[in-house]
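Here is what each chain is made of, one letter per residue.
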Amino acid sequence: MNSLAHRHICVIVSGGIAAYKGPELVRRLRDAGAEVRVVMTAAATEFVRPLTFQAVSGSPVHVDLLDPAAEAAMGHIELARWADLVIVAPATADFLARIAHGLADDLAATLCLATAAPLLVAPAMNRLMWAHPATQHNVALLQQRGVHCCGPNDGGQACGETGAGRMAEPLEIVQAAAALHQHDALAGLRVLITAGPTQEPIDPVRFITNRSSGKMGYAVAAAARDAGAQVTLVSGPTRLAPPAGCEFVAATSAADMLQAVLAHVADCDIFIATAAVADYTVSAPAAQKMKKEGAALTLTLEPTQDILRAVAARPGAPFTVGFAAETERLAEYARGKLEAKSLNMIAANLVGRAGTGFESDDNELSVFWRGGEKQLGTASKQILARALVAIIAERYRAEVPHPG
Ligand code: PMT
């Protein structure tokens, strides 16, 4: 279940070059299950045609405050009431100034005044306009009133300059929107997560590893953090920056990862094993770099200890969630692991094909527990992580007895 599923989101597009990212934002919000209505300022229609937004949102686009047809059907007050969340993307300097000062001189600004829904703005403008004290004052004023701000990001700008002022990417805005609706699902809980691959040494310069990039596990850690959990992430070697706000513990081999998990598991409420831990390690890694002898080389491998199984078998084990990476018979093998390892839940994905699973930005997940299952479909790992965390929170509350 996604925290944006069935939400009514009004996207306001104001007139900046970043308006070209608006259709992608609308598409991603709809992928996350939200219903979307689009309102454009007159200037925004100079950058992207309303018809484009109509096509991606599946609903007519609203531009005019005094449109008799729109006022008869869903006028600005109805639209303001309909919205669970209003997102302004891009939010230009002019638009931020107008809503900071309560102007109601077009439909978009009027809607911001008339709605009781949370407001999330994604500023986009030239770096000097963003840094200007007038803009900073307006943004501070809006934030004091509870308006949420996503971005802007640093980087190259349409005007040729470089600096802060680029609109946040559509996916970041979707994540910020989801976080607004999900901030307390795991509040007060400690969550321990494994992520990434392990490296099993052959000699001091060679190792056996796998294709895990850590993207899925890091997304799960960020989603659990956004859901209010205190997160510890035990990660194998990846190229990713540790998610902000999570305790980070680096591990290299399966044995290291086991040790790190055992050192942190005692006081955790939920354990999520996203890591692709090596099933075998080299029995006797060479102390020095092995020389090429010309003949075939045989390595003796021995099984590693299963971290997930060890955690689930502990007395007073946390709510334990495994992952299953399969190349066939996904549901059957995943349910087999759920039982064999005594897990509370398992998230299963097909691997070994392009576009999902290892390394890619997207994935396709199915989630199984005793007496239930849910297909989360194909989406970015961030969106799937949020949906998975929502199910974990729900199942945790259903299965773990709570005082009071
Ligand atoms: O990192 P990415 O590139 O984003 O890719 C994500 C992913 C494909 C790695 C991820 O979605 C995933 O499927 N992770 C589990 C990979 C795996 O090892 O699956 P498995 O079916 O072999 O193992 C089952 C479970 O046992 C997993 O939760 C695994 O973490 C755990 N395990 C396995 C072996 C071991 N020694 N210790 C373990 O804890």
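Structure's up top.
Below: a short report on this structure. Note that the structure is a prediction, hence the values are computed from the model and not measured.

With that settled, the discussion passes to the pattern of salt bridges. Taken as a whole, this structure holds 21 salt bridges when the rule is applied. Of the charged contacts, one joins Glu-326 and Lys-337 as a salt bridge, the two residues approaching to 2.7 Å between their closest N and O atoms. Of this pair, Glu-326 sits in strand 16 (residues 319-326) while Lys-337 sits in helix 14 (residues 330-340), and the two are eleven residues apart along the sequence. Judged by relative accessible area, which is 8%, Glu-326 ranks as buried. Assessed through its relative accessible area of 27%, Lys-337 is described here as partly exposed. Members of the salt-bridge network, linked through shared partners, are Glu-24, Arg-27, Arg-28 and Asp-31.

Moving on, we get to the site of the ligand. What surrounds the ligand is a group of 30 residues, the closest being Ser-212, Ser-213, Ala-275, Lys-337 and Asn-349. Interatomic distance of 2.6 Å between a side-chain N/O atom of Ser-213 and an oxygen atom of the ligand. At 2.5 Å from an oxygen atom of the ligand is found a side-chain nitrogen or oxygen belonging to Lys-337. Coverage of the ligand by the protein chains reaches 95% of its 770 Å² of free accessible surface. Breaking the shell around the ligand down by element, the ones donating at least two residues are helix 11 (215-226), helix 13 (307-312) and strand 16. Per-element accounting of the shell around the ligand gives the leading share, four residues, to strand 16. Looking at side-chain class alone, the shell around the ligand contains 13 nonpolar, ten polar and seven charged residues.

For the rest of this paragraph, the subject is the pairing of strand 9 (residues 200-203). The sheet contact formed by strand 9 and strand 10 (residues 206-208) spans three bridges and is antiparallel. By the bridge assignment, Pro-201 is partnered in strand 10 with Phe-207. Here strand 9 folds back onto strand 10, and the loop between the two strands holds two residues.

Moving on, we get to the sheet that holds strand 1 (residues 8-13). The strand order across the open sheet built from five strands is 2-1-3-4-5, with neighbouring strands paired in parallel fashion. The open sheet is flanked by strand 2 (35-40) and strand 5 (148-149), the only strands paired with a single partner. Pairing of strand 1 with strand 2, which is carried by six bridges, proceeds in the parallel orientation. When the sheet's bridge partners are listed, Val-13 is paired in strand 2 with Met-40. Sheet strands touched by helix 3 (residues 50-57): strand 1 and strand 2. Its angle to strand 2, the strand with the most contacts, is close to 170°.

Read from one edge to the other, the open sheet built from eight strands follows the order 12-11-8-13-16-17-18-19, with strand pairing classed as mixed. The sheet is open, and its two edges are formed by strand 12 (247-250) and strand 19 (372-380), each paired on a single side. On average, each strand axis in the sheet is tilted by 15° relative to the strand beside it, whichever way the strands run. Sheet analysis places strand 16 next to strand 17 (residues 345-350), joined by six bridges and oriented parallel. Residue pairing across strands places Gly-322 opposite Ile-346, the latter belonging to strand 17.

Below, the discussion takes up a nonpolar patch on the surface. Side chains of Tyr-280, Leu-297, Leu-299 and Leu-301 sit close together on the surface and give an oily, nonpolar patch of about 390 Å² of accessible area. Structurally, Tyr-280 can be placed in strand 14 (residues 280-282).

Another aspect to go through is the state of the cysteines. Across all of its chains, the model carries zero disulfides by this definition. Cys-149 supplies the cysteine sulfur nearest to Cys-159, a cysteine that is in no disulfide, at a spacing of 19 Å. When its relative accessible area of 47% is taken as the criterion, Cys-159 is described as partly exposed.

Attention now moves to the packing of aromatic side chains. As enumerated under the stated definition, the model contains two aromatic pairs in all. Considering the side-chain rings of Phe-319 and Tyr-396, the 5.9 Å spacing of their centres and the 80° angle between planes classify their relative orientation as edge-to-face. Of this pair, Phe-319 sits in strand 16 while Tyr-396 sits in helix 15 (residues 381-399), and the two are 77 residues apart along the sequence. The same class applies to Phe-319 as to Tyr-396, namely buried.

Conventions adopted
- Sequence positions are assigned chain by chain, starting from 1 and proceeding in written order.
- At least 70 in pLDDT is required for a residue's local features to be given in this predicted model, at least 80 for side-chain atom pairs to be given and counted, and no such filter applies to totals for whole chains, interfaces and linings, which use all residues.
- Just so you know, side-chain values use all the structure's heavy atoms and leave hydrogens and water out.
- Here a salt bridge means any side-chain nitrogen of Lys or Arg lying within 4 Å of a carboxyl oxygen belonging to Asp or Glu.
- Strands here are runs of E lasting at least two residues and helices are runs of H or I lasting at least four, both read from the DSSP assignment and numbered beginning at the N terminus.
- Only protein chains enter the accessibility calculation, which uses a 1.4 Å probe; a residue is then buried when its area is under 20% of its type maximum, exposed when over 50%, and partly exposed in between.
- Think of it this way: one heavy atom of a residue within 4 Å of a molecule or strand is enough to make that residue near it.
- In protein, a polar contact means a hydrogen-donor-capable atom and an acceptor-capable atom, both N or O and within 3.5 Å, with residues adjacent in sequence counting only if both atoms are side-chain atoms; elsewhere, any N or O pair within 3.5 Å suffices.
- Accessibility throughout is a Shrake-Rupley quantity obtained with a 1.4 Å probe, and a residue counts as covered only by protein chains that appear here.
- Nonpolar residues are Ala, Val, Leu, Ile, Met, Phe, Trp, Tyr, Cys and Pro. Charged residues are Asp, Glu, Lys and Arg, and all others, Gly as well, are polar.
- For two strands to be treated as a pair, DSSP must find at least two bridges joining them.
- Contacts between residues were defined by any pair of non-hydrogen atoms, one from each residue, lying within 4.5 Å.
- With axes taken as lines fitted to C-alpha atoms, and helix axes fitted only over the stretch in contact, angles between N-to-C directions fall between 0 and 180 degrees.
- For patch building, the residue pool is restricted to those with more than 30% relative accessible area and no salt bridge; the joining distance is 9 Å between like charges and 5 Å between nonpolar side chains (Val, Leu, Ile, Met, Phe, Trp, Tyr).
- Any two cysteine sulfur atoms within 2.5 Å of one another count as a disulfide.
- For Phe, Tyr and Trp, where Trp contributes only its six-membered ring, two rings pair if their centres lie within 6.5 Å, and the inter-plane angle classes them as stacked under 30 degrees, edge-to-face over 60, or tilted in between.

Purely geometric stuff here, so don't read any function into it on its own.
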